[in-house]
Amino acid sequence: MRFMLRNLTNLAQFSVRRSARNMSTLPDVHHLPQLHSTLEQAKRFAAYRAVDENLDYLNHRVIGVGSGSTVIYVAERLGQYLLDPKYAVHASQFVCIPTGFQSKGLILTNGLRLGTIEQHPSLDIVFDGADEVDVNLQLIKGGGGCLFQEKLVSTSAAKFVVVADYRKRSPKYLGTNWVKGVPIEVVPTSYIRVLSDLKTKLKCKNAVLRQGAPAKAGPVVTDNCNFIIDADFGEIEHPEILHRDIKMLVGVVETGLFIDNASKAYFGNPDGSVDLRV
Ligand SMILES: O=C[C@H](O)[C@H](O)[C@H](O)COP(=O)(O)O
């Protein structure tokens with residue numbers, strides 16, 4: 001009798017331990033303390049939903065973490081997977097690849113394991129922000145000064161999921177909502193030549209070397225020690241042609257036009273809803 005009771009107790013303890021392991025404690029985004037603005041809330045709604053719907057925690061191991069203010073919440077969500085009893089065993093095997101200095105910090109502060117694109121040239125998935133997303137999922141990126149490394153990482157991933165707020169959803173063409181121009185990363189010594197070629201050869205309306213003021217006197221310098229030019233082409237009907245033409249200019253390292261790269265885009269709204277574009 002005592003033997004049977006002991007077995008029953010062991011069995012009960014085992015089931016409790018097992019169900020604790022299978023029980024998710026991931027915070028519900030709608031029950032978290034509110035952020036300081038509805039815009040930030042919208043970014044967090046999009047990021048959490050994008051991670052939850054696209055992260056295949058059983059199979060994904062190499063995960064790209066992009067740059068910008070929306071990706072902050074992607075890294076935060078990934079960090080929560082690491083702390084969750086249901087996902088921890090698998091999440092502890094994630095290796096996160098940054099797209100620049102900022103995302104390296106996000107990976108580390110959220111307790112995630114940092115890897116390099118050289119160690120992991122093929123990624124399972126990448127989450128990154130965008131400055132504008134058109135109806136065909138073509139993107140403008142680079143508003144925050146990162147674009148070459150973002151393109152390297154996103155084009156090395158099997159799946160690229162965009163996380164953004166409602167302002168980034170273009171009604172039709174790129175250049176409608178994002179009117180600061182297409183960011184273009186250039187080799188520093190070539191910037192005069194590229195500025196001139198953009199105006200004379202590609203007939204852009206305006207092109208300027210991005211300045212670091214007020215934080216820095218002089219131009220913005222990228223993580224790759226390059227400069228950024230913002231080139232205004234108005235509304236862009238054929239971004240693939242424009243990307244190719246800009247890329248042909250001597251001195252251009254990469255353009256902020258991301259063509260046929262994204263798989264889907266999540267746009268967070270202030271009311272907590274999230275729109276999906278595929
Ligand atoms: O250079 C910056 C990147 O391309 C960002 O992903 C992009 O600017 C979007 O940033 P945010 O999420 O802050 O709107």
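Parameters and conventions
- Residues numbered from 1 in each chain as written.
- Predicted model: local features only at pLDDT ≥ 70, side-chain atom pairs only at ≥ 80, totals over all residues.
- Heavy atoms only, no water.
- Disulfide = S-S within 2.5 Å.
- Buried < 20%, exposed > 50% of the residue type's maximum accessible area, 1.4 Å probe, protein only.
- Pairing = 2+ DSSP bridges.
- Helix = DSSP H or I, 4+ residues; strand = E, 2+ residues; numbered from the N terminus.
- Near = heavy atom within 4 Å.
- Polar contact = N/O pair within 3.5 Å; in protein donor to acceptor, adjacent residues only side chain to side chain.
- Nonpolar A, V, L, I, M, F, W, Y, C, P; charged D, E, K, R; others polar.
- Domains from an automatic or database assignment.
- Contact = heavy atoms within 4.5 Å.
- Buried area = accessible area lost by both parts, 1.4 Å probe.
- Salt bridge = Lys/Arg side-chain N within 4 Å of Asp/Glu carboxyl O.
- Axes fitted to C-alpha atoms, helices over the stretch in contact; angles between N-to-C directions.
- Core = buried A, V, L, I, M, F, W, Y, C linked by side-chain atoms within 4.5 Å.

## Side note on the state of the cysteines
Evaluation of the coordinates by the stated rule reveals 0 disulfides. Cys 96 takes part in no disulfide bond, and the closest cysteine sulfur, belonging to Cys 146, lies 17 Å away. On the basis of relative accessibility, which here comes to 0%, the residue Cys 96 falls in the buried class.

## Points about the sheet that holds strand β5 (residues 139-140)
If you walk across this open sheet you meet the 3 strands as β4-β5-β11, and the pairing is antiparallel. Bordering the open sheet on either side are β4 (132-133) and β11 (257-258), each of which pairs with just one other strand. Judged from the 2 bridges that link them, β4 and β5 form a sheet pairing that is antiparallel. Following the sheet pairing, Glu 132 is matched in β5 by Ile 140.

## Some remarks on unusual backbone geometry
Between Ala 213 and Pro 214 the backbone carries a cis peptide bond, its omega angle lying at 5°. Turning to its location among the elements, Pro 214 is positioned in the loop between β8 (206-209) and β9 (227-232).

## Regarding the site of the ligand
Surveying the vicinity of the ligand reveals 16 residues, the closest of which are Ser 67, Ser 69, Thr 70, Asp 131 and Lys 168. Between the ligand and Asp 131 there is a distance of 2.7 Å, counted from an oxygen atom to a side-chain nitrogen or oxygen. A distance of 3.2 Å separates an oxygen atom of the ligand from a polar atom in the backbone of Gly 145. Of the residues assigned to the shell around the ligand, the class counts are 2 nonpolar, 9 polar and 5 charged.

## A look at the domain arrangement of the chain
The domain boundaries assigned to the chain delineate domain 1 (22-173 + 259-277) and domain 2 (182-255). A straight line from the C-alpha centre of domain 1 to that of domain 2 covers 26 Å. Contacts between domain 1 and domain 2 engage 16 residues on the former and 17 residues on the latter. Between domain 1 and domain 2 the total buried area reaches about 1,400 Å² when both faces are included, carbon and sulfur atoms providing 62% of it. If you look at where domain 1 meets domain 2, you find 1 salt bridge. Linking Glu 254 and Lys 151 is a salt bridge whose minimum nitrogen-to-oxygen distance equals 3.0 Å. Our enumeration of links across domain 1 and domain 2 arrives at 7 residue pairs in polar contact (both at pLDDT 80 or more). Here the side of domain 1 that touches domain 2 gets 3 residues from one element, more than from any other, and that element is helix α6 (residues 148-154). The residue makeup of the side of domain 1 that touches domain 2, split by class, is 6 nonpolar, 7 polar and 3 charged.

## Examining the sheet that holds strand β7 (residues 182-186)
Strand order in this open sheet of 4 strands is β8-β9-β7-β10, and the pairing throughout is antiparallel. Both edges of this open sheet fall to β8 and β10 (252-255), since each of them pairs with a single strand only. Shown here is a sheet whose adjacent strand axes are inclined to one another by a mean of 25°, direction ignored. By the bridge criterion, 3 bridges tie β7 to β10 in an arrangement that is antiparallel. Each bridged residue has a counterpart across the sheet, and for Glu 185 the counterpart in β10 is Glu 254. Packing of helix α8 (residues 239-247) onto the sheet brings it into contact with β7 and β10, and relative to β10 it is tilted by some 165°.

## Let's talk about the nonpolar core
Judged by nonpolar contacts, the single largest core of 30 residues is most densely connected at Ile 63, Leu 78 and Phe 127. For this core, the secondary-structure elements that each account for two or more residues are α2 (38-54), β1 (62-65), α3 (71-83), α5 (101-109), β3 (125-128) and β6 (160-165). Setting aside residues up to four positions removed in sequence, Leu 78 forms contacts with Val 51, Leu 55, Ile 63, Val 65 and Leu 112. In this structure, Leu 174, Leu 195, Leu 198 and Cys 204 belong to the second largest nonpolar core, which totals 23 residues.

## Considering the pairing of β9
Consecutive residues of a regular strand have side chains that alternate between opposite faces of the sheet. Among the 6 residues of β9, 5 are classified as buried, and the element is accordingly described as predominantly covered. Sheet analysis places β7 next to β9, joined by 5 bridges and oriented antiparallel. Opposite Ile 184, over in β9, you have Ile 229 as the bridge partner.

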